[in-house]
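Breakdown of the fold
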Amino acid sequence: MPVTNLQLFLPELLLTGLALAVLLLDLWLPRARRSVLPVLSVIGLLLVGLAAASLWDPQRGPVYDFWNSYVTDNFAIFLKVFFAAVGGLVVLLSTDFLRDVRAYGEYWSLLLFVLLGMVLLAGANDLITIYLAFELVSLVSYVLAGYRREDPKSNEAALKYFLYGASASGVMIYGMSLLYGLGGSTNLQVLGERLASGEVTPLGALALMLVLTGLGYKVAMAPFQAWCPDVYEGAPTPVTAFLSVGPKAAGFAVLIRFALSVFPSLLPQWQVVVAILATLTMFVGNLLAIRQQNLKRLLAYSSIAHAGYLLIGVVAAGSQAGWGLPAVLFYLVAYLLMNLGAFALLLLVARTRGTEEISGFSGLAQGAPFAAATMLILLLSLTGIPPTGGFVGKFYLFAAAIESGTWWWLALVGIINSAISLYYYMNIARLMYFGQPAPELVKRPAGLSVVVWVALIGTLGLGLVPEPLMALARQAGMLFVGR
Amino acid sequence: MSPVPLQAYLVVAGLLFAMGLFGVMTRRHAVAALLGIELMLNAANINLVAFSHYLSPNRAINTVLDGQVFVLMVIALAACEVAVGLAIILRLYRTMGVLNPDEASSMKW
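Residues numbered from 1 in each chain as written. Chains lettered and ligands numbered in written order. Predicted model: local features only at pLDDT ≥ 70, side-chain atom pairs only at ≥ 80, totals over all residues. Heavy atoms only, no water.

**Describing the overall build of chain B**
Counting its regular elements, chain B contains 3 helices and 0 strands. Helices (α) and strands (β) of chain B occur, in sequence order from the N terminus, as α-α-α. The contacts of chain B with a sequence gap of at least 6 include a subset with a gap of at least 24, amounting to 53%. Carbon and sulfur atoms form 70% of the exposed surface of chain B, whose accessible area is close to 6100 Å². (Helix = DSSP H or I, 4+ residues; strand = E, 2+ residues; numbered from the N terminus. Contact = heavy atoms within 4.5 Å. Areas by Shrake-Rupley, 256 points an atom, 1.4 Å probe, with all protein chains shown as cover.)

As structure tokens, this is what we get:
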């Protein structure tokens, strides 16, 4: 069947319409009136989020549409709401920054198109759909990374992102072509069934490795993380904040769907590979973060480390989907809140003190006690210390690893890495509270204030009452349980 | 005339892919790296078309069309990729005056 129920695609349709409307308005509106575009984007994304949330139905199983190439299930709906939230927060984060640097043109529509790609990636159920959505996310991300055209660093970031990204997707598409040959179909379920019936061939293992490379690059998994620090440092700060959460979450979504639908037959093999790479990713991220002086670069390494923690959940999901998947989804939400909050404060400090170095935070507690206290809570959350969302998220991830039996040692690795990360996160806290006093921060721009408040309330809220979100995450993960 | 076996196509595609990957990793010039990426995409295209042909029960009429459609998508996206890539390379040349990703390296560790 092409389409059974058009209502299921309301979020996608709304988002497409919004992106096109913003693109056209950007063209027609006089320059002075373009400040209405971010307002329109936030309202539109709110509607997209509500439309996606209204589709939530724990009773309904997956609905396959467009000749089985696109699926609407609770896992995808959860992520669609999540992506709408990512988009809204990033728009709020970007408004003042773009005004300050006098950036021009299509920023908002580009952002909305990446979001559309991410939403499509959440529901993609066919190699072709996955590839198209994946490239929509990637290509527009390259442009966003190089958005400050006159800034050499931004250009350099875009080039590195592009060369690494395009090579990785070339490797992935080659892997997909082999999969197509092995399974004779591009549909994930059909592929899964046909691969399960035959024996495991070296070619199948090779295809798995190639596809894993492409997706691993997207989520910045070691050893494909080399692009990440340079891109995050060079890209405009709001774009960095976006890249560290959005495309990464989309990469995880498709990695999970792919691994659980296509490769149940190769389960032990990919679990071993991903477990080893998760360990590597955590250590690389945390150990290299220690010596960073630039906060954007530090957050880049920290985001690599967090990808490692999330991979623990992916491995666990292979054995115990009921534990692993909800843990990954919960952690993505917690990470969104704490990471975007940290970036909002970084933007605020950089705006006042003109530096993105950690030293910019020196003595923040005297001049701006509220900002310093918020940053402290977000840092505690990133480290994984209660009573924060980061702690609960890590707890669920490690619990999933222990529950899966074989992979309990990943929890141990995760705990060791959390201890390492304590050092560089608390270094910032030390500077804020014991550094040289510095002048007060300028008046907070409205957009950044909203993000800081949402991050603060969300992080503490998830830490104190995690159960409501966890219940939703469990329902979203139910789909793959019992396969 | 005997038909060309599937393996022949796969070998050609494999070689093309290896050449592309080698080019991306060793070439100093950004445009040459871009060419390497195109080779990798086309290796996948050869695979897809060959599989699509050999998967059809009746070889005279191709009935398993997924692979062919996939190839069209890959070609279209490769064009988009080149457009974005060349735009980025041009900007870099204007601001830094270099075409070499190694020279355009202000950020380390």
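**Quick look at the interface of chain A and chain B**
Of the residues lining the interface, 41 residues belong to chain A; the matching set on chain B comes to 43 residues. The contact between chain A and chain B buries some 3700 Å² in all, and 76% of this surface belongs to carbon and sulfur atoms. When the buried area of chain A at its contact with chain B is split by residue, Leu-159, Tyr-174 and Tyr-180 of chain A rank highest and sum to 18% of it. Seen at the junction of chain A and chain B, the total is 0 salt bridges. (Buried area = accessible area lost by both parts, 1.4 Å probe. Salt bridge = Lys/Arg side-chain N within 4 Å of Asp/Glu carboxyl O.)

**Considerations on a nonpolar patch on the surface**
Together, Leu-10, Leu-14, Val-36, Val-39, Ile-43, Leu-46, Leu-47 and Leu-50 of chain A line one region of the surface with nonpolar side chains, adding up to about 710 Å² of accessible area. With respect to the element layout, Leu-46 of chain A can be found in helix 2 (residues 36-54). (Patch = residues over 30% accessible without salt bridge, like charges linked within 9 Å, V, L, I, M, F, W, Y side chains within 5 Å.)

**Some points on helix 11 (residues 267-289) of chain A**
The end-to-end C-alpha distance of helix 11 of chain A is 32 Å, a good match for the 33 Å that 23 residues give at a rise of 1.5 Å each. Among all positions in helix 11 of chain A, only Trp-270, Gln-271, Val-274, Ala-275, Leu-277, Ala-278, Thr-279, Thr-281, Met-282, Gly-285, Asn-286 and Ala-289 of chain A are buried. (Expected span 1.5 Å × (residues − 1). Buried < 20%, exposed > 50% of the residue type's maximum accessible area, 1.4 Å probe, protein only.)

**Section: the packing of helix 1 (residues 10-28) of chain A against helix 4 (residues 107-123) of chain A**
Residue and element names in this part refer to chain A. For the pair helix 1 and helix 4, the least separation of the axes is 8 Å and the interaxial angle reads 160 degrees. Taken together, the axes of helix 1 and helix 4 are roughly antiparallel relative to one another. The way helix 1 lies across helix 4 gives a crossing that is left-handed. Residues Glu-12, Leu-15, Thr-16, Leu-18, Ala-19, Leu-20, Val-22 and Leu-23 of helix 1 form the contact with helix 4, whose own contacting residues are Trp-108, Ser-109, Leu-112, Phe-113, Leu-115, Leu-116, Val-119 and Leu-120. (Axes fitted to C-alpha atoms, helices over the stretch in contact; angles between N-to-C directions. Parallel < 35°, antiparallel > 145°, perpendicular 65-115°, else oblique. Left-handed = near helix turned anticlockwise from the far one by under 90°.)

**Some points on unusual backbone geometry**
Negative phi is the rule for most residues except glycine; trans is the rule for most peptide bonds. Residue and element names in this part refer to chain A. Of note, the bond from Ala-222 into Pro-223 is cis; its omega dihedral lies within 30 degrees of zero at 0 degrees. Here Pro-223 lies in the loop between helix 8 (202-218) and helix 9 (227-234). Omega for the peptide link from Pro-386 to Pro-387 comes to 5 degrees, which places this bond in the cis form. By secondary structure assignment, the location of Pro-387 is in the loop between helix 15 (369-383) and helix 16 (389-403). A positive phi is found at Asn-68, a non-glycine position, where the angle reads about 65 degrees. Of note, Asn-68 is situated in the loop between strand 1 (63-65) and strand 2 (70-72). Residue Asn-68 is classed as partly exposed on the basis of its relative accessible area, which comes to 39%.

**Points about the domain arrangement of chain A**
Residues and elements named next belong to chain A. Annotation of chain A at the domain level lists domain 1 (1-265) and domain 2 (266-483). Relative to domain 2, the C-alpha centre of domain 1 lies at a distance of 21 Å. Across the boundary between the two partners, domain 1 contributes 56 residues, which contact 53 residues of domain 2. Taking both sides of the interface into account, the surface hidden between domain 1 and domain 2 amounts to around 4700 Å²; carbon and sulfur atoms contribute 78%. Inspection of the domain 1/domain 2 interface yields 2 salt bridges. Between Arg-297 and Glu-233 there is a salt bridge whose closest N-O contact spans 2.6 Å. (Domains from an automatic or database assignment.)

**Comments concerning the packing of helix 6 (residues 152-183) of chain A against helix 2 (residues 30-55) of chain B**
Packing of helix 6 of chain A against helix 2 of chain B leaves a shortest axis separation of 9 Å and a crossing angle of 15 degrees. The orientation of helix 6 of chain A relative to helix 2 of chain B falls into the category roughly parallel. For the crossing formed where helix 6 of chain A meets helix 2 of chain B, the hand is left-handed. When grouped by side-chain class, the residues that make up the contact of helix 6 of chain A with helix 2 of chain B number 20 nonpolar, 6 polar and no charged. (Nonpolar A, V, L, I, M, F, W, Y, C, P; charged D, E, K, R; others polar.)

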